[in-house]
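One-letter residues, chain by chain:
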Amino acid sequence: MEYFPAFLDLDGKPCLVVGGGEIAARKVRLLLAARADVTVVAPAVGDSIAALAAAGSLRHVGRPYVPEDLDGVWLVISATADADVDAGVYADASARRIFCNAVDRQENCSYITPAIVDRSPVLVAVSSGGSAPVLARRIRERLEASLPARLGTLAGLARRYRQRVIAALPALSPRIRFWESVIDGPASSAALSGDVKRAEAEIESLLDDAAEFAARPGIAWLTGAGPGDPELLTLKALHALQSADVIVHDRLVGDEVLALARRDAERISVGKTPGCRANSQESINELLVKLVGSGKRVCRLKGGDPFIFGRGGEEAEALTAAGLSWQVIPGITAAAGCAAAAGIPLTHRDAAQSLVLLTAHGKDSVDTLDWPSLARDRQTLAVYMGVRRFPDLMTRLIEHGRPADTPIAIVERGTTPEQRVIRGTLGQLNLLAKAHRVEAPALLLIGAVASRGVADELSIDLSQHSPSAASAGDHTYVQAGRAGLGS
Ligand SMILES: C[S@@+](CC[C@H](N)C(=O)[O-])C[C@H]1O[C@@H](n2cnc3c(N)ncnc32)[C@H](O)[C@@H]1O
């Protein structure tokens, strides 16, 4: 973030505008709208500022700027046509630690002004950090068109009831639920249609039932965050993220997804790093039971789908055993997301009749897999958590009859900007993984479908790693970046 966003309370505070033309007048109007105490310094001023001065809305000092004009000032805007004057005002203001904006001269600004949508007291500010003002204006136009004109009425109503609601519901979580009922319910529709009396009646009736908000039990939303790309979140997942009091998330859930959560929600990372024992499943279950039992709404956010190799089932059972509520919000599982991002049709009718999702996590799970059935032709295997078990997987499948030239694709960090797709054959699996230093999270796809799809060929010569392996298949290549979903 290049700039810190803030809304300033300028009510009654001395502010200086240097310059008297139409641009200065526009800035003056904004300052006056924020009830600032405005002084304009300029040898001559245009009609707008002259009229405001005549009406007593501001003070006009009719001479060139001098540094002493900054005495006692909170904020200064320099809007002259003279670059030297603007630079001088900026230098003097900076020396006195006063925030200065020189209009259209970003190098002389210690703050920049955003494009705004004004539905006072609701204000939406949009900034492109000074790099694309026209883009910021376009965004503002879209917001302008989509935000109800009477949003301010609704916000004003909320302001009037604020203290009464705090008194009725002192705890934060139930209070947030109360306001969600106001904002998402009939009170809001009435206010936005201009019927303030009916809106007030609706709020009063909700206040009569305030105890019900305090008594509402907690819930856990076992939520799938998808494989990485935040745009692959479902609408329900987004809603859960924005409604939850607490987000309990896995290591695989990226910052871009977490950024969509309610700002004031507590965040608890319960990431399990491969090979590390921190945060056992039992302790996660206990945490969920504790949070939901205390009335919290918890978004238990997991990579992919919570019920596909996500241990969501165990968490649901623990919550049920404790008599607590839970719901599942499915997510796009890694197999679907990674295959789509690599352009691989998992069940192309010419190549596969079935799709098997399997995990090859530990030695035990490898030993207990049904290898003869996995080695059958015309099926696609999607192997989760398999990176460390690639040697076993390769050997066992070939031993049980899957040809060494069966196509494979390893999708590492699928659907993210760091995605790599490494293709080759089953007989090359180990060498490919080593040559490309494949790391978790990676998904292995095995079957004829794995040679299909989009591929920017970036060849790697496997013979450098082992001459015999190079002949196990006729081509290998790596795709870097996202494909299929539009990178
Ligand atoms: C504990 S499992 C969780 C699976 C998740 N619940 C799902 O439905 O995708 C973690 C494994 O999923 C796979 N995985 C998850 N996200 C991935 C991604 N973005 N790219 C490749 N593989 C991924 C990897 O095999 C990883 O080791």
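Residues numbered from 1 in each chain as written. Predicted model: local features only at pLDDT ≥ 70, side-chain atom pairs only at ≥ 80, totals over all residues. Heavy atoms only, no water.

1. Looking at the overall build of the protein
Alright, step 1. Looking only at helices and strands, one finds 19 helices and 18 strands in the protein.
Alright, step 2. A globule of 487 residues ought to have a C-alpha radius of gyration of about 23 Å, yet the protein, at 31 Å, is considerably larger.
Alright, step 3. Sorting the 487 residues of the protein into buried and exposed places 44% on the buried side.
Alright, step 4. Within the structure as shown, the protein displays about 24,600 Å² of accessible surface, and the carbon and sulfur contribution to it stands at 54%.
Alright, step 5. Side-chain charges in the protein split into 53 positive and 56 negative, and the spacing between the mean points of these groups amounts to 2 Å. (Helix = DSSP H or I, 4+ residues; strand = E, 2+ residues; numbered from the N terminus. Rg over C-alpha atoms; globule rule 2.2 N^0.38 Å. Buried < 20%, exposed > 50% of the residue type's maximum accessible area, 1.4 Å probe, protein only. Areas by Shrake-Rupley, 256 points an atom, 1.4 Å probe, with all protein chains shown as cover. Lys, Arg positive; Asp, Glu negative; His and termini not counted. Charge placed at Lys NZ, Arg CZ, Asp CG, Glu CD.)

2. Regarding the domain arrangement of the protein
One widely used convention gives an interface's size as the accessible area the parts lose upon coming together.
Alright, step 1. Each assigned domain of the protein is listed with its residue range as follows: domain 1 (14–113), domain 2 (151–215), domain 3 (219–332) and domain 4 (336–480).
Alright, step 2. Placing the centre of domain 1 and that of domain 3 at their C-alpha centroids yields a distance of 51 Å. (Domains from an automatic or database assignment.)

3. Structural notes on the site of the ligand
Alright, step 1. Neighbouring the ligand are 19 residues, the closest being P227, I308, T333, A334 and A442.
Alright, step 2. Contact between the ligand and P227: a nitrogen atom at 2.8 Å from a main-chain N or O atom of the residue.
Alright, step 3. Coverage of the ligand by the protein chains reaches 89% of its 560 Å² of free accessible surface.
Alright, step 4. Within the residue set of the shell around the ligand, elements represented by two or more residues are helix 14 (334–342) and strand 17 (442–446).
Alright, step 5. When its residues are assigned to classes, the shell around the ligand shows 12 nonpolar, five polar and two charged.
Alright, step 6. Composition of the shell around the ligand by domain shows at least three residues from each of domain 3 (219–332) and domain 4 (336–480). (Near = heavy atom within 4 Å. Polar contact = N/O pair within 3.5 Å; in protein donor to acceptor, adjacent residues only side chain to side chain. Nonpolar A, V, L, I, M, F, W, Y, C, P; charged D, E, K, R; others polar.)

4. Things to note about the sheet that holds strand 2 (residues 37–41)
Strand pairing within a sheet occurs via backbone hydrogen bonds; the two strands may be parallel or antiparallel.
Alright, step 1. Reading across from one edge, 3-2-1-4-5 is the order of the five strands in this open sheet, with parallel pairing throughout. In this open sheet, the two strands that pair with only one neighbour each are strand 3 (59–61) and strand 5 (99–102). The mean inter-strand angle of the sheet, taken between neighbouring strand axes irrespective of direction, is 20 degrees. (Pairing = 2+ DSSP bridges. Axes fitted to C-alpha atoms, helices over the stretch in contact; angles between N-to-C directions.)

5. Some points on the environment of F4
Alright, step 1. The residue F4 is located in the segment before strand 1 (14–18) in this model.
Alright, step 2. Counting along the chain gives 368 residues from F4 to P372, while the straight-line C-alpha distance between them is 60 Å.

6. Remarks on unusual backbone geometry
Alright, step 1. Residue P121 follows S120 across a cis peptide bond; omega there is 5 degrees.
Alright, step 2. In this fold, P121 is placed in the loop between strand 6 (115–119) and strand 7 (122–126).
Alright, step 3. Here the residue pair A440 and P441 is connected by a cis peptide bond, since its omega of 0 degrees sits within 30 degrees of zero.
Alright, step 4. As for its placement among the helices and strands, P441 is situated in the loop between helix 18 (429–435) and strand 17.
Alright, step 5. Although it is not a glycine, R413 adopts a positive phi angle of roughly 50 degrees.
Alright, step 6. Inspection of the secondary structure assignment puts R413 in the loop between strand 15 (407–412) and strand 16 (420–425).
Alright, step 7. The partly exposed category is assigned to R413, whose relative accessible area is 37%.
Alright, step 8. Positive phi, close to 50 degrees, is recorded for R437, a residue that is not glycine.

7. A look at the packing of helix 5 (residues 151–168) against helix 6 (residues 172–184)
Alright, step 1. Their axes nearest at 12 Å, the elements helix 5 and helix 6 cross at an angle of 150 degrees. One finds that helix 5 runs roughly antiparallel with respect to helix 6. The hand of the helix 5/helix 6 crossing is right-handed. In contact with L154, A158, Y161, R162, V165 and I166 of helix 5, helix 6 contributes R175, F178, W179 and I183.
Alright, step 2. Tallied by class, the residues present in the contact of helix 5 with helix 6 amount to eight nonpolar, no polar and two charged. (Parallel < 35°, antiparallel > 145°, perpendicular 65-115°, else oblique. Left-handed = near helix turned anticlockwise from the far one by under 90°. Contact = heavy atoms within 4.5 Å.)

8. A few points about the nonpolar core
Alright, step 1. L397, I408, I410, L444 and I446 are the most contacted members of the largest nonpolar core, which totals 24 residues.
Alright, step 2. Residue assignment for this core shows that the elements contributing at least two residues are helix 16 (371–374), strand 14 (379–384), helix 17 (390–399), strand 15, helix 18 and strand 17.
Alright, step 3. The greatest single-element share of this core, amounting to four residues, is contributed by helix 17.
Alright, step 4. The next biggest cluster of nonpolar side chains, apart from the first, holds 18 residues, and it includes A24, L31, V40 and L75. (Core = buried A, V, L, I, M, F, W, Y, C linked by side-chain atoms within 4.5 Å.)

9. Brief notes about a nonpolar patch on the surface
Alright, step 1. Taken together, the side chains of F309, L355, L357 and M385 make up a nonpolar region of the molecular surface, amounting to roughly 310 Å² of accessible area.
Alright, step 2. Looking at the element boundaries, L355 is found in strand 13 (residues 354–359).
Alright, step 3. Take L355: its relative accessible area is 35%, and that puts it in the partly exposed class. (Patch = residues over 30% accessible without salt bridge, like charges linked within 9 Å, V, L, I, M, F, W, Y side chains within 5 Å. Salt bridge = Lys/Arg side-chain N within 4 Å of Asp/Glu carboxyl O.)

10. A short note on the state of the cysteines
Alright, step 1. Counted according to the given criterion, the structure contains zero disulfides.
Alright, step 2. C15 takes part in no disulfide bond, and the closest cysteine sulfur, belonging to C100, lies 12 Å away.
Alright, step 3. Look at C15 and you get buried, because its relative accessible area is 2%. (Disulfide = S-S within 2.5 Å.)

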